Amino acid sequence: MKFADLHLHTNFSDGTWTPEELVLQAQKGGLSCIAVTDHDTVEACERAAAACAAVKMEFIPGAELTAEYEDTELHVLGYFLDARNKKLLAEIAKFQAVRQNRIHEMVARINELGVPLKAESVFALANCKSPGRPHVARAMVKAGLVKSLDEAFERFLKKGRPAWVPKSKISALEAVELVHHAGGLAVMAHPGLNRTDSIIPALVSAGLDGIECFHTKHSTAMSERYLEIADKYHLLVTGGSDCHGFSKGKPLIGTVKLPYEHVQKMKEYRSKETAAPSIATK
Ligand SMILES: [Zn+2]
Ligand SMILES: [Zn+2]
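Criteria and thresholds
Residues numbered from 1 in each chain as written. Chains lettered and ligands numbered in written order. Predicted model: local features only at pLDDT ≥ 70, side-chain atom pairs only at ≥ 80, totals over all residues. Heavy atoms only, no water. Core = buried A, V, L, I, M, F, W, Y, C linked by side-chain atoms within 4.5 Å. Buried < 20%, exposed > 50% of the residue type's maximum accessible area, 1.4 Å probe, protein only. Contact = heavy atoms within 4.5 Å. Donors = N, O, S within 2.8 Å, 3.2 Å for Na, K, Ca; no water. Helix = DSSP H or I, 4+ residues; strand = E, 2+ residues; numbered from the N terminus. Salt bridge = Lys/Arg side-chain N within 4 Å of Asp/Glu carboxyl O. Phe/Tyr/Trp six-rings, centres within 6.5 Å; stacked < 30°, edge-to-face > 60°. Lys NZ or Arg CZ within 6 Å of the ring centre and 35° of its normal.

A.B. asks: Give a description of the nonpolar core that names residues and reports values.
C.D. replies: Counting 49 residues, the largest nonpolar core has I34, L74, M188, L203, I211 and I253 as its most contacted members. Those residues within four positions of I253 in sequence are excluded, and the remaining contacts are D5, L8, W17, L22, Q25, A26, L31, S241 and C243. Judged by nonpolar contacts, the second largest core, of 19 residues, contains I110, L117, V146 and V165.

Written out as structure tokens, the structure reads:
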């Protein structure tokens, strides 16, 4: 039986592996197909695609967009994205500028608390255009300012903590539209983590294509619940480990194995959409 992992991060966002290292691990884990879904960027896709081609693994270019709906943050996964789509790249440049400003703000607040963290050290460690809180936490550990990533989050970075800075995000409906504009399928990420079930109908009307039923942090009961929801709204079913490499202990790759038939359904759905433009513009 063939398996896929459709939720993976590289060091182009807050993962620790390069695209090539990720593909090597996917190969070791016996996966037949992977999608790279870095936060607010598609930069890793070209290298990951080349690395997959070299080992004859199927690759799906993706991204995980940070979005919000009525003040609730949620993540929208895009699959089969055209990683060179102009509008997508322009929006990504804006997301990245927001992320970089947010790092400066968080560091300023940390400094106000008497902790001498330097923004440059965060950017140097992140070494990517989509820096985020995990990079701030890692830079704090590296500088010896806290003992662990957990301490950095608990004392400073968690929502409601003194260095937490809200992030301006695009609306979830715009995220779905952007994914479609770039030729992709829009999928709601880890709904069990966000507790945002009430907004699913609105996303479905906006053209949501699928829902991530299988995720490392979903219990079996949660997965079953979202499989029922997928069935009810005729949504595609996806799943992935949300592996960030070695960022938090043992790598998660391989902990969620999506049966390949779901990838097959995504591809069939796409080919139907291209054949019938009326559905594509729903
Ligand atoms: Zn997420
Ligand atoms: Zn993720």
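Past the structure itself, the notes keep going.
A.B. asks: Describe in detail the coordination of the zinc ion (ligand 2), supporting the description with residues and values.
C.D. replies: Protein coordination at the zinc ion (ligand 2): the donors are H7 (NE2), H9 (NE2), E64 (OE) and D242 (OD), at 2.1 to 2.2 Å from the metal. In this structure, the zinc ion (ligand 2) lies 3.6 Å away from the zinc ion (ligand 1), the two metals sharing E64 as a donor. Of the two residues, H9 is situated in the loop between β1 (3-8) and α1 (19-28) and E64 in strand β3 (residues 58-69); the sequence distance between them amounts to 55 residues. For the pair H9 and E64, a shared accessibility class is recorded, and that class is buried.

A.B. asks: Outline the coordination of the zinc ion (ligand 1), listing residues and values.
C.D. replies: Tetrahedral metal sites with four donors have an ideal angle of 109.5 degrees; octahedral sites with six donors have ideal angles of 90 or 180 degrees. Around the zinc ion (ligand 1), the protein contributes the donor atoms E64 (OE), H75 (ND1) and H190 (NE2), at 2.0 to 2.1 Å from the metal centre. Look at where the donors of the zinc ion (ligand 1) fall in the sequence and you get E-x10-H-x114-H.

A.B. asks: So what's going on with the pattern of salt bridges? Which residues, and what values?
C.D. replies: Throughout the structure, instances matching the rule amount to 12 salt bridges. Across the pair E68 and K169 runs a salt bridge whose closest N-O atoms are separated by 3.9 Å. Here E68 is found in strand β3, whereas its partner K169 is found in the loop between α6 (149-157) and β5 (170-171), with 101 residues between them in sequence. By relative accessible area, which is 23% here, E68 ends up partly exposed. Here R225 and D197 are joined by a salt bridge, their closest N and O atoms 2.5 Å apart. Of this pair, R225 sits in helix α10 (residues 220-232) while D197 sits in the loop between α8 (191-194) and α9 (200-205), and the two are 28 residues apart along the sequence. Looking at R225, the relative accessible area reads 41%, which means it is partly exposed. Beyond isolated ion pairs, a larger network of salt bridges with shared partners links E68, E73 and K169.

A.B. asks: Help me get a handle on the environment of Q27, residues and values and all.
C.D. replies: Position of Q27 relative to the elements: it lies in helix α1. Given a relative accessible area of 39%, Q27 falls into the partly exposed group. With 29 residues separating them in the primary sequence, Q27 and K56 have C-alpha atoms 9.6 Å apart. Ignoring sequence-local partners within four residues, the contact set of Q27 consists of V55 and M57.

A.B. asks: A description of the packing of aromatic side chains should follow, citing residues and the corresponding values.
C.D. replies: Evaluated as defined, the whole model comprises one aromatic pair. Centroid distance W17 to F246: 5.6 Å. Interplanar angle 85°. Geometry classified as edge-to-face. Linking W17 in the loop between β1 and α1 with F246 in the loop between β8 (236-240) and β9 (258-259), this pair joins segments that are 229 residues apart in sequence. K257 extends its terminal NZ or CZ atom over the ring of F3, reaching a point 5.7 Å from the ring centre.

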